[in-house]
Amino acid sequence: MKNNYDLVIIGGGPAGLAAALSAYDNGAKDILIIERENRTGGILNQCIHNGFGLTRFKESLSGPEYAARFKTEVNKRGIEILTETTVLGFNKDKIVTATSPVYGIFTVQAKAIILAMGCRERSRGALNIPGSRPAGIYSAGTAQKYVNVKGYMPGKEVVILGSGDIGLIMARRMTLEGAKVHAVCEIMPYSSGLKRNIVQCLDDFGIPLYLNHTITEIRGEGRVTGVTISQVDEFKRPIPNTEKSFNCDTVLFSVGLIPENELAKSAGVPLSARTRGAIVYQNRETLTSGVFACGNALQVHDLVDFVSDEAELAGRSAAEYIIKGATIHDAFDCENGANINYVLPQKIDKNASENVKLFFRVSNTFRNCTIKAVCGDKVIATKKRLIATPGEMETLIIPTEKLKEINGTLTLSLEVNE
Amino acid sequence: MFDIAVIGGGVIGGTILRELTKYQLNVCVLESCDDVSMGQSKANSGIVHAGYDAKPNSLKAKFNVLGNKMMSAYASELGVKYKNNGSLVLAFSEEDLTVLEELKTRGETNGVERLSIIDRAELNRLEPNVSDNAVGALYAPTGGIICPYELTIASIGNAMDNGAKLYCNFEVASAKKLENGYEIISTDGNKVSAKIVINCAGINSGKVASIFGDDTLNIKGRKGEYILLDRESGDFVSHTLFCTPSKAGKGILVTQTVDGNILLGPTATEVENPAPVTTAQGLAFVVDKVKSMCKNPPLFNSITSFAGVRAYSDKGDFIIEKSAIAENLINVAGIESPGLTSAPAIAKFVAEEIVAKMTSLVKNEKFNGKRTPDYFFKNLSIEEKNELIKKDSTYGKIICRCEGITEGEIIRAVRENPKAMTIDAVKRRTRAGMGRCQGGFCQPHVAEIIAREHNIAYEKVQKGGKNSTLLVGKVK
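Residues numbered from 1 in each chain as written. Chains lettered and ligands numbered in written order. Predicted model: local features only at pLDDT ≥ 70, side-chain atom pairs only at ≥ 80, totals over all residues. Heavy atoms only, no water.

Section: the nonpolar core
Residue and element names in this part refer to chain B. In this structure, Ile16, Leu20, Ile198 and Val332 are the most contacted members of the largest nonpolar core, which totals 63 residues. When residues of this core are assigned to their parent elements, the largest contribution, eight residues, is made by helix α8 (residues 339-354). Leaving out residues up to four positions away in the same chain, Leu20 has contacts with Ile4, Val6, Leu25, Val27, Ile198, Ala351 and Val355. Among the nonpolar cores identified, the runner-up in size contains 45 residues, and Ile399, Val414, Ala420 and Cys437 belong to it. (Core = buried A, V, L, I, M, F, W, Y, C linked by side-chain atoms within 4.5 Å. Buried < 20%, exposed > 50% of the residue type's maximum accessible area, 1.4 Å probe, protein only. Helix = DSSP H or I, 4+ residues; strand = E, 2+ residues; numbered from the N terminus. Contact = heavy atoms within 4.5 Å.)

This is the structure we're talking about:
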């Protein structure tokens, strides 16, 4: 290990690996990847189901297989990786402080930094679900780690709260391992997971999905013994007399992912309250010059294929920064309007040399609708959708030639067609 | 045969046990759960009260004010975090202000120093996030905060370092009177004999006293529900904010914790069943009250909610006395708020004023009251940390990313007195799993360390509490 690198990448998951390859192939070859676990690959290592890579490789891979393709390429290029090493912080001068059993607490000087820390799961505590606090309550990802990495079953009789993709995948996984999944409850009127996962993980196994339902009590002293679920009204308040009781020993939570940005925050990188990731330009540079962000640390993606795409963009931009020097941004803002939860990037350079792809999520399920990017009275781009749901990330392309027409804030909104 | 057996490993039992190790006595503590600090010492507000609440001349008033004065030095000797953040009792009406004047007078009678009534402007300066409806406050600069289980664990750990014995999973089932004491038998049939028994069994102290033949204690439970906010919101308030007390009690408080979180609660409901469960109504009550006390409380940053059951006696005051009925039994019961504050003073009193009259106390010259805190690593300089990592590389590896806890710290908690045997026990000592992801990432790693260190199978590791295994077996 040296004490300075052109590029330090925080996180060796799918985002970090793809960013490293892209930066390298675009000319920035002096790279250090810092990974806190004992191997790279991130959360893919515990995702042994298939369906990864359909977009990128046109084949269905397991998580570890998908990761392996990137690991192989990283190794071929001899990119340096430190595992079991946790970044403790970095500053605006791009001095990164980290700790490892081998090197202790050390610093490295970087020219550019890519934030690729991934995300974490929201826990039961964030929802204040009443009841006791026995063993048997896990986030879906923790249960996945126990089953797929450690080889142990966290329980046999399961109720799942939240229909996020990991929850759906775990409903199937636990069933295949002999557990009985009694119910998946979703407080919203729609699932936040992918349609294909609802079909392949619940429907195919006869696992009931209760929309507009939440858990209103968890019971048990040592170990979970049961839960009560209730239907909720339009304000997500439990409706009396709709209670259903299940005997179970396990409750899994799959109630949302939150980009992990404690490092970015303490380094003073401005974050978006909507995405909880950094505010970025279209090239994935944050408002802190030379610090880039990508993957689930930036915005929570549906598919790892899209994480890889975004990471490649960040890697390429970081290489450009290292080789050509800092970009002077002259940008307009991009904001979410009606029926849109968030839009990314939040800032777009007027002179961007490529088409800009906007990533966004809609705020509800809409049928037969039009998505519009508007600046003042000018419509910059539109797209019609037969159906748009919050569970699937949407995109809209703004062609480069249109960028010149934008002389104020670009607002993205969704209208339902008459 | 032990000279003294303390029943109950809470903060009262723990501080008494430690006090007794200052003398040449053979002492032990019998704890019904799988770890110490599992009753009300696990889940309370963690306030070092100034002492204006208690009725003058009550035991509560006496020990509160004494304990408050002792706490800083007591905590510092044990390496327990303590913060003298000051308390504010908020008034929302002219009537409230009258009550505050009464509280101030009462506090002064009790010997509380530097109490003052502050106006809206001063309140705003001290706590800008207090509701605009607050008209003033009673300011008690001697109020403070401490972590109740940290204090309990440190007290018992230090007592053990000084020779005391801890018996966990020892639920007292019966007692046999011996010529010079008692043989105490657990529900599992384990036996411990002691000349003197000190009953600090919290919610179970009435039951325990009657096992020894004393039916005079009438102990009931009052449940309190809490919500804990992420450290990210830790600067929302700096003082402990109370409402003006009413007939319904002290009401909800909003406080920083010594670990930098924000704690909201508690409710106060009389309960028959001491199970510490939260309810939708209880948590909603906390939320409503907090919203009436503060502007825009960051409730979105909730990381957990929990409940604790506090024991109180029908006497309305602490019971700290030699049993009039059962020989060689001392009851320390009904220790509700301000019990945590009072603990060091109660412990001293029990040793010097009660035990001293029952047996001769000879000073233990070897007693060392200092304990290296479980969080010592955080306080080291980078150079010191690197020195340690060179000797023990586990201190270089972060296990709990939210709280920044290293493997070395977890191993230490698993090995040091009182040894952490469960996930929750590690959490209470090190804070691994105490952060915003609530153990989602670190729990499988912590379980591995516990299994390895205690040489038990991975699937046998418990979360904490009876029959609380994390896993049910291997996959197919």
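A short note on the environment of Val300 of chain A
All names here are of chain A. Mapped onto the elements of the fold, Val300 is located in the loop between β18 (291-293) and α8 (304-324). As a C-alpha pair, Val300 and Gly118 span 182 residues in sequence and 8.4 Å in three-dimensional space. Filtering out sequence-adjacent residues up to four positions away, Val300 remains in contact with Leu257, Pro259, Tyr342, Arg361 and Met393.

Topic: the confidence of the model for chain B
This prediction gives chain B a mean pLDDT of 97; 100% of its residues lie at or above 70. As scored by the predictor, the complex reaches a pTM of 0.96 and an ipTM of 0.95. (pLDDT = per-residue confidence, 0-100.)

Observations regarding the pattern of salt bridges
Tallied over the full model, the rule gives 56 salt bridges over all chains. With its nearest N and O atoms 3.4 Å apart, the salt bridge here joins Glu415 of chain A to Lys372 of chain A. Of this pair, Glu415 of chain A sits in strand β26 (residues 410-416) while Lys372 of chain A sits in strand β23 (residues 366-375), placing them 43 residues apart in sequence. Here Glu108 of chain B ties to Lys104 of chain B by a salt bridge, and the two come within 3.3 Å at their closest N and O atoms. (Salt bridge = Lys/Arg side-chain N within 4 Å of Asp/Glu carboxyl O.)

Focus: the interface of chain B and chain A
Contact residues are listed per partner, giving 46 residues for chain B and 46 residues for chain A. Note on chain B versus chain A: buried area summed over both sides is about 4000 Å², and carbon and sulfur give 53% of it. Sorting the residues of chain B by area buried against chain A places Arg401, Val472 and Val475 of chain B first, and these three jointly supply 15% of that buried surface. In this assembly, chain B and chain A are joined by six salt bridges. A salt bridge links Arg436 of chain B to Glu262 of chain A; the shortest N-O distance between them is 3.5 Å. Between chain B and chain A we count 23 residue pairs in polar contact (both at pLDDT 80 or more) in total. Here the residues of the side of chain B that touches chain A sort into 18 nonpolar, 16 polar and twelve charged. Relative to strand β23 (residues 473-474) of chain B, strand β9 (residues 152-153) of chain A runs antiparallel, the two sharing two bridges. (Buried area = accessible area lost by both parts, 1.4 Å probe. Polar contact = N/O pair within 3.5 Å; in protein donor to acceptor, adjacent residues only side chain to side chain. Nonpolar A, V, L, I, M, F, W, Y, C, P; charged D, E, K, R; others polar. Pairing = 2+ DSSP bridges.)

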